[in-house]
Amino acid sequence: MNLLLDTHAFLWFMEGSERISQRARDGIEAAGGVRALSVASAWEMAIKASLGKLALAKPLSELLPPLLAEAGIELLPIEIATSRGSRRCHFFIAIRLIACLRPRHLSATSRS
């Protein structure tokens with residue numbers, strides 16, 4: 001299953017927060033497909049940091065790439081074509097993850 005983490009799920013997962021359930025953490029760690037974070041989440045984090053709502057030790061542009069690489073999470077670009085497959089997504093609000101089975105779209109960013 002391919003996983004698209006929302007902003008909070010990503011932040012909580014990376015910091016080891018108890019705000020993300022063990023079930024969600026296990027799901028992220030065991031994901032057999034692509035694990036991704038939308039560039040929209042990076043933008044949201046940058047906005048929150050600029051407003052003082054997210055404390056960062058370094059600029060996000062320096063922090064994010066190594067964090068994503070360490071966790072095996074890909075940064076997913078936003079494309080107009082992405083909206084066409086949104087009806088096929090299954091939203092798991094309780095664990096704040098979005099699981100989308102869109103291999104055609106994700107294959108362009110997945111590792112072989």
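Further up the page is the structure itself.
Just so it is clear, the model here is predicted, and its values are computed rather than measured.

Caption draft 1: Structural detail: the side chain of Ser 41. Tracing the sequence through the fold places Ser 41 in helix H3 (residues 39-50). With residues near it in sequence (within four places) discarded, Ser 41 still touches Leu 5, Asp 6 and Thr 7.

Caption draft 2: Inspection of the packing of helix H1 (residues 7-15) against helix H4 (residues 60-71) at higher detail. Contact geometry of H1 with H4 gives a least axis separation of 12 Å together with a crossing angle of 75°. Looking at the two axes, H1 sits roughly perpendicular to H4. Touching Phe 10, Phe 13 and Met 14 of H1 are Leu 64, Leu 67, Leu 68 and Ala 71, all from H4.

Caption draft 3: Structural view of the nonpolar core. Phe 10, Ile 20, Leu 37, Met 45 and Leu 64 are the most contacted members of the largest nonpolar core, which has 18 residues in total. Contributing elements (two or more residues each) for this core: strand S1 (3-5), H1, helix H2 (22-30), H3 and H4. Residues in contact with Phe 10, not counting those within four places in the same chain, are Leu 5, Leu 37, Met 45, Leu 64, Leu 68 and Ile 73.

Caption draft 4: Geometry of the packing of H1 against H3. It is the contact of H1 with H3, at a shortest axis distance of 9 Å, that shows an interaxial angle of 75°. Relative to H3, the element H1 lies roughly perpendicular. Where H1 approaches H3, its residues Thr 7, His 8, Phe 10 and Leu 11 are matched on the opposing element by Ser 41, Glu 44 and Met 45. For the contact of H1 with H3, the class distribution of residues is three nonpolar, three polar and one charged.

Scoring rules and cut-offs
Residues numbered from 1 in each chain as written. Predicted model: local features only at pLDDT ≥ 70, side-chain atom pairs only at ≥ 80, totals over all residues. Heavy atoms only, no water. Helix = DSSP H or I, 4+ residues; strand = E, 2+ residues; numbered from the N terminus. Contact = heavy atoms within 4.5 Å. Axes fitted to C-alpha atoms, helices over the stretch in contact; angles between N-to-C directions. Parallel < 35°, antiparallel > 145°, perpendicular 65-115°, else oblique. Core = buried A, V, L, I, M, F, W, Y, C linked by side-chain atoms within 4.5 Å. Buried < 20%, exposed > 50% of the residue type's maximum accessible area, 1.4 Å probe, protein only. Nonpolar A, V, L, I, M, F, W, Y, C, P; charged D, E, K, R; others polar.

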